[in-house]
Amino acid sequence: MQKIRSAAQEMSVPETTGAGPSLSERALGQAPYMESLNPEQREAIESLDGAVLVLAGAGTGKTRVLTTRIAHILGTHKAHAGQILAVTFTNKAAREMKARVGNLIGGVVEGMPWLGTFHAIGVKIIRSHAELVGLRPGFTILDTDDQVRLLKQIIKAENLDEKRWPARQLASYIDGWKNRGLAPDKVPDGEAFTFANGHGQDLYRIYQTRLKDLNAVDFGDLLLECLRLFQEHPDVLASYQQRFSYILVDEYQDTNVAQYLWLRLLAQGGGNICCVGDDDQSIYGWRGAEVDNILRFDTDFPGAKVIRLETNYRSTGHILGAASSLIAHNESRLGKTLQTDADDGEKIMLQGCWDHDEEARVVGEDIEQYQRQGHRLNDIAILVRASFQMRAFEDRFVTLGLDYRVIGGPRFYERQEIKDAIAYLDVVMNPDNDLKFERIFNTPKRGLGDATLQLLHTHARSQAIPLFLAARAVAETEELKPRARTALAELLKQFESWRGLSESMVHTELAELVLDESGYTAMWLADRSPKAEGRLDNLKELVRFMEEFPSLPEFLEHVSLVMDTSSDDGADKISLMTLHSAKGLEFDAIFLAGWEEGLFPHQRHLDETGQAGLEEERRLAHVGITRAKKRAKITFTQNRLMHGSWQTATPSRFIDELPEKHVEVVEAAQSYGGYGMSRFDEKQASFASQYDTPGWQRAQRRHQGGHKTKRGPATIEGELVASSAAPGSGFSVGERVFHQKFGYGAICTVDGNKLIVDFEKAGRKRVLDSFVDRH
DNA sequence: TTCAATCGTCTTTTT
DNA sequence: GACGATTGAA
């Protein structure tokens, strides 16, 4: 922990300010951004010509190499910003890279127009050549919901059994094909057969045709259509090949086949390509990433230079040693040996727990202790394999009054209410966006059902016009029942009025107006479920966020491509996330929870992809451990609640793959496990002093704020406590009781040991008498 | 057309 | 155990 490391070697800190170049460096004409690089990093930055693969292990300064390389190209005037293509996977990575390049070359950079995600750059290219791939310029980008809705229609239209052949599954097949760069006619026969007895390929073809009719693309198309454009129009390809004299790729181990083909086409113009990645951190195989891309880089790009970055500037010796030994169990890897100058530091701690509640309790205690030692919550993260594991931790932190943030998780734009709101706005701007129109056509309920929709579809198809126009036509006729007809006419009238206002009105005001007049806000106001309040908040948040955009169309283009809103409020909070979303991050202290067979490695991943799956899970473990700078603790439980029933769990095989010399086992304390600890814990919680702490009060406020779902205040093992504390019998109607989860309430009926209680906060519930206490 | 009850599913999720 | 999707009754 008392690490001695020169500040200049600290890779994780963006090089913002600081001392300028030394006198000698200035005398040598050394650029300031080249300071304090190790020889391998320097080589990776200076090898500008030809193909270069930088194998950058965890914490070896990967991002720094990429950004410095860009700065170097610019600084030596090899190319100007518009000639550099730099691709990342996430918007976040793109933003960060932009900021860091800006810092390196001194503030004002005219933007790097071609620095962005694969998809963002794909759209940009397709937009400039839309007509060449059969699209009109203003084409829309479908999200997953739209995609599935469209596929469902197609499946239905083909008279296939929707249940036997779910649209969702077809969507994932199509995604898979697109990831591999396969157009409908290229799909291997065998695979096309796996869906709907050979209809798979047809359905895919029909889907593509429908997309063109709708003037729309899905995410996969952003690459696939780009590929097709390049293949069918060599002149277009050539122009881009000439434009991009330097290509840089981040996280190359995550590229799929389509992305690889795309890059190869662009690089073939003699372009200089530099890919940075780490085969040991490839964890998105299930999303189409091909580790093979990185494994056979030098055959794809003959004469490629491979540079290994093996000096880790992040973790202490024990942590790095454990991670390296673990990943050495994988067979298909290029092989790197990470080294550090750092001290050994603390060993990785390992602790077994009775169940997930105790696991959360143990972690919570450790965190409180760590905090007492003067560390910040911001430096702590909990990494889990699956998101359902998060709940136990959230519950525990709420009771302890520890602030936390969930990273990843259900994203803002994925929420139902946000998608609905955006659908409304989209239809205002694009009346021919059928899928969005369909989404909100009966939301809120306005008496327009399946029958009406079918009628509109028939019309639309026979006339080859968008649904919205078909709706207008149908509303003029007598085909609908009066009630539906009025409702439809009213909706259309509203849209036309909004559309008219969109010319003059400020877009945020228009959004509020649309949400109000459509009855959408009212729908949630009328909803008594606990979630409704949060949804209304989200809608307000959406409008607030829109202010950052000059106009509605620009906002809509943004949301179709950028699915994240990183709201980092800077407050001191524990981070809670899945192992997948932890890639690229680092923390002083890391808790790795739930290392049990079946959960981690995940059984289903193993079943589906066998050995390769196991290796990917192991890479995930490696990613997890290497997130830690100073401390890491692994926990596992002996009993886990899976799909509603308790399972006995065995420790993960990965645990036994860690060398003993790097691990310290924390013996389970006697009071841990089962009833003893639970009761002890409960007594603690009932001391008055507990209620006076700021943390408790924070927790209380949070409960009242309505953020909690029906689970109610997250008291732990309420069941164990209650069952041992309250011998069941003799409750009477009207009696006031307290329930661990639902709070206070009055008994409504008694039926043996079953009670129906009207709770003050949670409403009417059926509970067992052993779960409540007299009050 | 709508609502309530039942059924089936349940890893990860950059765009 | 919990959620979403689908079914069947009003």
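What counts and how
- Residues numbered from 1 in each chain as written.
- Chains lettered and ligands numbered in written order.
- Predicted model: local features only at pLDDT ≥ 70, side-chain atom pairs only at ≥ 80, totals over all residues.
- Heavy atoms only, no water.
- Helix = DSSP H or I, 4+ residues; strand = E, 2+ residues; numbered from the N terminus.
- Buried < 20%, exposed > 50% of the residue type's maximum accessible area, 1.4 Å probe, protein only.
- Areas by Shrake-Rupley, 256 points an atom, 1.4 Å probe, with all protein chains shown as cover.
- Axes fitted to C-alpha atoms, helices over the stretch in contact; angles between N-to-C directions.
- Parallel < 35°, antiparallel > 145°, perpendicular 65-115°, else oblique.
- Left-handed = near helix turned anticlockwise from the far one by under 90°.
- Contact = heavy atoms within 4.5 Å.
- pLDDT = per-residue confidence, 0-100.
- Nonpolar A, V, L, I, M, F, W, Y, C, P; charged D, E, K, R; others polar.
- Pairing = 2+ DSSP bridges.
- Near = heavy atom within 4 Å.
- Polar contact = N/O pair within 3.5 Å; in protein donor to acceptor, adjacent residues only side chain to side chain.
- Right-handed = clockwise from strand over helix to strand, strands pointing away.
- Core = buried A, V, L, I, M, F, W, Y, C linked by side-chain atoms within 4.5 Å.
- Salt bridge = Lys/Arg side-chain N within 4 Å of Asp/Glu carboxyl O.

Draft legend 1. Structural view of the overall build of chain A. If you tally the helices and strands in chain A, you get 33 helices and 22 strands. A total of 775 residues make up chain A; the buried ones form 52% of that total. Accessible surface computed for chain A: about 35000 Å², of which carbon and sulfur atoms make up 51%.

Draft legend 2. Molecular detail of the packing of helix α16 (residues 356–372) against helix α17 (residues 390–400). Axis separation between α16 and α17 bottoms out at 9 Å; the angle between their running directions is 50°. Taken together, the axis directions place α16 and α17 in an arrangement best described as oblique. Between α16 and α17 lies a crossing of right-handed hand. Seen from α16, the contacting residues are H356, D357, E359, A360, R361, V363, G364, I367 and E368; seen from α17, they are A392, F393, R396, F397 and L400.

Draft legend 3. Representation of the confidence of the model for chain A within the structure. Scored by pLDDT, chain A has a mean of 81; 82% of the residues are at 70 or more. The secondary-structure element of chain A with the lowest mean pLDDT is helix α33 (residues 718–725), recorded at 26, while strand β13 (residues 587–592) shows the highest, at 96. The model gives residues 1–21 a pLDDT under 50, and that stretch makes 35 contacts with residues more than four places away or in other chains.

Draft legend 4. Molecular detail of the packing of helix α18 (residues 416–429) against helix α26 (residues 552–561). Orientation of α18 relative to α26, taken along the N-to-C sense of each, is 130°, at an axis distance of 11 Å. What the angle tells us is that α18 and α26 run oblique. In this structure, α18 crosses over α26, and the sense of that crossing is left-handed. For the pair α18 and α26, the contacting residues are I422, L425, D426 and M429 in the first and L552, P553, F555, L556 and V559 in the second. A class-by-class count of the residues in the contact of α18 with α26 yields eight nonpolar, no polar and one charged.

Draft legend 5. Region of the structure containing the sheet that holds strand β7 (residues 272–277). In space, the six strands of this open sheet follow the order β3-β2-β6-β7-β1-β8, with parallel pairing throughout. Edge positions in the sheet fall to β3 (115–117) and β8 (305–309), since each of these pairs with one other strand and no more. Taking the axes of each pair of neighbouring strands and ignoring which way they run, one obtains an average angle of 15° across the sheet. Bridge count between strand β1 (residues 51–56) and β7: five bridges; the pairing is parallel.

Draft legend 6. View of the side chain of T68. Turning to its location among the elements, T68 is positioned in helix α3 (residues 62–75). Filtering out sequence-adjacent residues up to four positions away, T68 remains in contact with Y33, M34, I45 and L104.

Draft legend 7. How the structure looks around the protein's contact with DNA strand B. Around DNA strand B, the structure places 30 residues, and the nearest of them are R287, R385, S387, R411 and T578. Considering the 4 Å shell around the protein, atoms of DNA strand B inside it are sugar or phosphate in 65% of instances. Here a base oxygen of DNA strand B sits 2.5 Å away from a polar atom, N or O, in the side chain of R385. A distance of 2.3 Å separates a phosphate oxygen of DNA strand B from a polar side-chain atom of S387.

Draft legend 8. Examining the pairing of strand β6 (residues 246–249) more closely. Burial along β6 is two-sided: Y246 and L248 and I247 and V249, pointing in opposite directions, are all buried. Pairing analysis gives four bridges linking strand β2 (residues 84–88) to β6, with the strands arranged parallel. What sits directly across from I84, in β6, is Y246. In terms of strand pairing, β6 meets β7 through four bridges, oriented parallel. Across the sheet, Y246 pairs through a bridge with N272, a residue of β7. Handedness of the crossover joining β6 and β7 through helix α12 (residues 257–267): right-handed.

Draft legend 9. Region of interest: the sheet that holds β13. Here we have seven strands laid out as an open sheet, ordered β11-β12-β10-β13-β14-β9-β17, and parallel in their pairing. The open sheet terminates on both sides in strands that have one partner only, identified here as β11 (404–406) and β17 (663–666). When the angles between neighbouring strand axes are averaged without regard to direction, this sheet yields 20°. As defined by bridge partners, β13 adjoins strand β14 (residues 628–637) across five bridges and the pair is classed as parallel. Counterpart to F587 in the pairing with β14 is A628. Sheet strands in contact with helix α15 (residues 317–327) are β9 (348–353) and β14, and its direction is about 55° off that of β14.

Draft legend 10. How the structure looks around the nonpolar core. The biggest cluster of nonpolar side chains holds 70 residues, and the ones touching the most others in it are F230, Y252 and W262. If we ignore the near neighbours within four places in the chain, the residues touching W262 are L85, V87, F118, I121, I125, L223, C226, L227 and F230. Core analysis: the next-biggest nonpolar cluster, separate from the first, contains 49 residues, A487, L491, L510 and A532 among them.

Draft legend 11. Representation of the environment of H318 within the structure. Residue placement: H318 occurs in helix α15. Sequence-wise, H318 and K661 are 343 residues apart; in three dimensions their C-alpha atoms are separated by 8.2 Å. Non-local contacts of H318, meaning those with residues more than four positions away in its chain, are made with D344, G345, E346, K347, K661 and H662.

Draft legend 12. Highlighting the pattern of salt bridges. Here the structure, examined in full by the defined rule, presents 44 salt bridges. Residue R544 pairs with E541 through a salt bridge whose shortest N-O separation is 3.0 Å. Of this pair, R544 and E541 both sit in helix α25 (residues 531–546), three residues apart, which is roughly one turn of the helix. Given the relative accessible area of 32%, E541 is considered partly exposed. For E657, the salt bridge is made with R618, and the minimal N-O distance between the two is 2.7 Å. Within this pair, whereas E657 is found in the loop between α29 (653–656) and β17, its partner R618 is found in helix α28 (residues 603–626), the two being separated by 39 residues in sequence. Residues E657 and R618 agree in their burial class; the two are buried. Here the salt bridges share partners, and the residues they tie into one network are D143, D145, D146, R149, K419, D420, K436 and R439.

Draft legend 13. Summary view of the environment of V187. Along the chain, the position of V187 falls in the loop between α7 (167–179) and α8 (189–194). Sequence spacing of V187 and G269 is 82 residues, and the spatial spacing of their C-alpha atoms is 28 Å. Setting aside residues up to four positions removed in sequence, V187 forms contacts with W177, A192, Q201 and Y204.

Draft legend 14. The arrangement of the side chain of H72 in detail. Position of H72 among the secondary structure elements: in helix α3. Those residues in contact with H72, other than ones at most four positions away along the chain, are Y33, M34, I45, E46 and L48.

Draft legend 15. Spatial organisation of α17. The buried fraction of α17 amounts to eight of the 11 residues, a majority that puts the element mostly inside the structure. Every buried residue of α17 is accounted for by M390, A392, F393, D395, R396, F397, V398 and T399. Immediately beyond the C-terminal end of α17, within one or two residues, lies G401, with a positive phi of roughly 75°.

Draft legend 16. Here's a closer look at unusual backbone geometry. Backbone torsion omega between T443 and P444 reads 0°, so that peptide bond is classified as cis. Structurally, the position occupied by P444 is in the loop between α19 (434–440) and α20 (450–463). With an omega of 5°, the peptide bond between F600 and P601 qualifies as cis. Along the chain, P601 falls in the loop between β13 and α28. With a phi close to 50°, E251 is a non-glycine residue in the positive phi region. Summarising the element assignment, E251 is placed in the loop between β6 and α12. Although it is not a glycine, A464 adopts a positive phi angle of roughly 55°. Within the secondary structure layout, A464 lies in the loop between α20 and α21 (467–476).

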